[in-house]
Structure formats: C-alpha cells, structure tokens
Amino acid sequence: MKQTSIFLTGATGAVGSQLVQQLSSLNIGFKALVRTPEQAGQLNKLPNAEAIIGDLAEPTTFEHALTGIEKAFLLTNSSEQAESLQMGFVEAAHRAGVGHIVKLSQFAADESSPVRFLRYHARVENRIRELGLGYTFLRPNLYMQGLLAFKEQIRYHGQFFAAIGQARVSLVDVRDIAAIAAVALTEPGYEDQIYDITGPEALSHYQLAETLSHVLGKPVNFIDVSPAQMEQALAGAGFPEWQIGGLIEDYAHYAREEAAAVSDAVARVTGRNAIGFEQFVKDHCFLL
Ligand SMILES: NC(=O)c1ccc[n+]([C@@H]2O[C@H](COP(=O)([O-])OP(=O)(O)OC[C@H]3O[C@@H](n4cnc5c(N)ncnc54)[C@H](OP(=O)(O)O)[C@@H]3O)[C@@H](O)[C@H]2O)c1
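Residues numbered from 1 in each chain as written. Predicted model: local features only at pLDDT ≥ 70, side-chain atom pairs only at ≥ 80, totals over all residues. Heavy atoms only, no water.

### Quick look at the packing of aromatic side chains
One pass over the structure, following the stated rule, counts 11 aromatic pairs. Taken together, a centroid distance of 5.0 Å and an interplanar angle of 85° make the contact between Tyr206 and Phe222 edge-to-face. You can see Tyr206 sitting in helix 7 (residues 205–216) and its partner Phe222 sitting in strand 11 (residues 221–224), a full 16 residues away along the chain. On the accessibility criterion, Tyr206 (32% relative accessible area) is partly exposed. Taking 5.0 Å as the distance between ring centres and 85° as the angle between the ring planes, the aromatic pair formed by Tyr251 and Tyr254 counts as edge-to-face. Of the two residues, Tyr251 and Tyr254 both sit in helix 9 (residues 241–255), three residues apart, roughly one turn of that helix. Relative accessible area serves as the criterion here: at 14%, Tyr251 is assigned to the buried category. (Phe/Tyr/Trp six-rings, centres within 6.5 Å; stacked < 30°, edge-to-face > 60°. Helix = DSSP H or I, 4+ residues; strand = E, 2+ residues; numbered from the N terminus. Buried < 20%, exposed > 50% of the residue type's maximum accessible area, 1.4 Å probe, protein only.)

Structural data, given as structure tokens:
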C-alpha cells in the first residue's frame, strides 16, 4: 500500500463511493469519516480504507483523526446545514495543520449567484483561501447519475421531468469527478487550482430522452414542466423546503443555458476522455 495521509468526507455518497473504490484499487490508503458503525463496517472491507466514525456537525468526533493529514476531500450534500458543516470542517482542518483541501463545489459557484447552492459553495471556497490552506476546487456540472432518481418513472412510464425547457447542459458522470478527485488527492501539481468538470458535450433533456430511447430500445419522453409543477413534485417527494428552493433556482440557471460550456478537465487531469451520456445509459441500463 502507498502510504499517504488522505482524509475523506462524503465517502458514502454518489461521488464519494466512487472515490473510495478508485483510491482503494490504486492501492492508496485513506481515512474516511462515516456516521454509523454499519457504514464503517462496509468501508473497512475495502483494502486500504480506515473508517472514522463521527459527524461533521460535531468536530470533536473527527478532529483527532486529522492530525498528520496532508490532503482532505470535502463534500456534503446540499442541505440547509451544508455551509456550516463545511465551514466547521475547514476550521478543524486548519487547526489540525491539514495542508490542502480538495473541495467538491459546483459549476458556476459564485457568492453573488441567484442560486443558493452556488453561493454557499463560493463562501466555503473563499474561507479555505482566506485561511491560506492549499486548495483544489472541483466544480462539476449537473450529475448524469441524477437521472437515476427517475429510474422507476423511466422503467414503468417511459418518462422523466424537469423545469428546463430546451436548454442544453454539459452534464457529467460522477465517476469522472471521482477520478479527478483521486488525482488531485494523490499527485502533486494540483495546488491552488479550480476545475470546471463537465461531460464531453452539452445536451438538452430532449436529447437525453432520444439517447435513452435508443439505448433502452423503448420510447422514453422528456416532459418539460413549469417551476411550480416541479416544486409541487419535490414537495410531494418529501424534499425539505430549503432544498426545493435551491433546486428551483438551480434549474432556472440551467434553463437560462448558463451551464452549457464544455470543459476538457477530465481529459487534462486523467488522460482519458470524459464519459458520454450514451455510455452512462449503457452502464446503468439494468436500473432503467
Ligand atoms: N447533484 C448534482 O447534479 C450536483 C452537481 C454539481 C455539484 N453537486 C454538489 O455535489 C454535492 C453532493 O455530492 P453527492 O451527490 O456525491 O452527495 P450525496 O450522495 O448526497 O452524499 C452526501 C455525503 O455527505 C455525507 N454527510 C452529510 N451530512 C453529514 C454529516 N453531518 N456528517 C458526516 N457526513 C455527512 C453523507 O453521509 P451519510 O451517508 O451518512 O448521509 C454522504 O456521504 C453537493 O455539494 C452538491 O452541491 C451536485
């Protein structure tokens, strides 16, 4: 095992679960913060992984494990608490002498954005810089894997919804985000860099539906809905109010086609092409 001193948060989530697999298969050791003994048991089955049980809301539960860490990966879901959880981690990392934070942010992060997710990400980025920590900010665009939230709708009703109209988005596969994170955490040369991370092309949701129909061999339709209809659907699915507001703002930003630029970060950092949407569907067709 290569001896490194890496600490991960968000290891059980969409990006983090890919990242732990990739680090483990590269034979690179890491510690990862998880919240339950069950998650720790699962993680510790991976070669080179060491689970630390704790909670970002309680820095005393993980601070001890940051001593001697060179690089940390910071990710939480976008909840109303995300900013304070991430700020708490940044302060704890600074106190412990962590040298570098690889922060999972979002495409177009900006303190003056009308999208609350983009504002909080920018505030955390700025705090990391203010404290003088080394940083790599990963700013991915919309996740392809987000479509899996519609897997039942696609499988049984051949449809999926969003308030986005004809706008194109350069959506990205989370496996590519994890691959960039793995490089930034393990190799030199990524200090004080910001990466917009996108897929290989910008596609409208109607184009996504065409690819789904073609690969799955059955008709799949995209239904453009109003923001009010989307809000109602998210409320019906039990999303918290803050998050619903954020998703509505996010989709208005996509609908203005502000997230259609294509970046070459995946190829530049990993040396291979970004995963395209057709490949994503082929790899997940057993779910759809
Ligand atoms: N979805 C998109 O299209 C998209 C696009 C660009 C950027 N992003 C950004 O991506 C991030 C979400 O990434 P993701 O989808 O990989 O996340 P995710 O699947 O929602 O996972 C969130 C992770 O954070 C952990 N976590 C949450 N609260 C915690 C706490 N109090 N203490 C310790 N761990 C905690 C969760 O642990 P548990 O398993 O214990 O809950 C889980 O491992 C957000 O910041 C979002 O803004 C998303």
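### Here we look at the environment of Ala265
When you line up the elements, Ala265 lands in helix 10 (residues 265–270). Along the backbone, Ala265 and Lys71 are 194 residues apart, and their C-alpha atoms lie at a distance of 20 Å. Discounting chain neighbours no more than four positions away, the residues touching Ala265 are Ile180, Tyr195, Asp196 and Thr270. (Contact = heavy atoms within 4.5 Å.)

### What to know about the site of the ligand
The local shell around the ligand holds 24 residues, among which Thr12, Arg35, Asp55, Ser78 and Tyr143 are the closest. Backbone polar atom of Gly10 to an oxygen atom of the ligand: 3.4 Å apart, as the coordinates give it. Take His121: an N or O atom from its side chain is 2.8 Å from an oxygen atom of the ligand. Coverage of the ligand by the protein amounts to 80% of the 940 Å² it exposes when considered alone. (Near = heavy atom within 4 Å. Polar contact = N/O pair within 3.5 Å; in protein donor to acceptor, adjacent residues only side chain to side chain. Areas by Shrake-Rupley, 256 points an atom, 1.4 Å probe, with all protein chains shown as cover.)

### Here we look at the environment of Pro188
For Pro188, the position within the fold is in the loop between helix 6 (174–186) and strand 9 (193–197). Among the residues examined, Pro188 registers a relative accessible area of 69% and is labelled exposed.

### Concerning the environment of Tyr251
Expressed as a C-alpha distance, the spacing of Tyr251 and Leu19, which sit 232 residues apart in the sequence, is 27 Å. Residues in contact with Tyr251, not counting those within four places in the same chain, are Leu142, Ala162, Ala163, Ile164 and Met230.

### Digging into the pattern of salt bridges
Counted under the stated rule, the structure contains 13 salt bridges. The shortest N-O distance in the salt bridge between Asp264 and Arg268 comes to 2.8 Å. Look at the salt bridges and you will find they share partners, linking Glu91, Arg127 and Glu130 into a network. (Salt bridge = Lys/Arg side-chain N within 4 Å of Asp/Glu carboxyl O.)

### Some remarks on the sheet that holds strand 1 (residues 6–8)
Pairing in this open sheet of seven strands is parallel, and the strands run 3-2-1-4-5-6-9 from one edge to the other. The strands lining the two open edges of the sheet, one partner per strand, are strand 3 (49–53) and strand 9. Neighbour-to-neighbour, the strand axes of the sheet open up by a mean angle of 20°, direction not taken into account. When strand 4 (residues 71–74) meets strand 5 (residues 100–104), the two strands line up parallel, connected through four bridges. Residue Ala72 lies in a different strand from strand 5, and its bridge partner there is Ile101. In the packing of helix 4 (residues 116–130) onto the sheet, the strands contacted are strand 4, strand 5, strand 6 (134–140) and strand 9, and the crossing angle to strand 6 comes to about 165°. (Pairing = 2+ DSSP bridges. Axes fitted to C-alpha atoms, helices over the stretch in contact; angles between N-to-C directions.)

Scope: geometric values only; no functional claims are made or implied.
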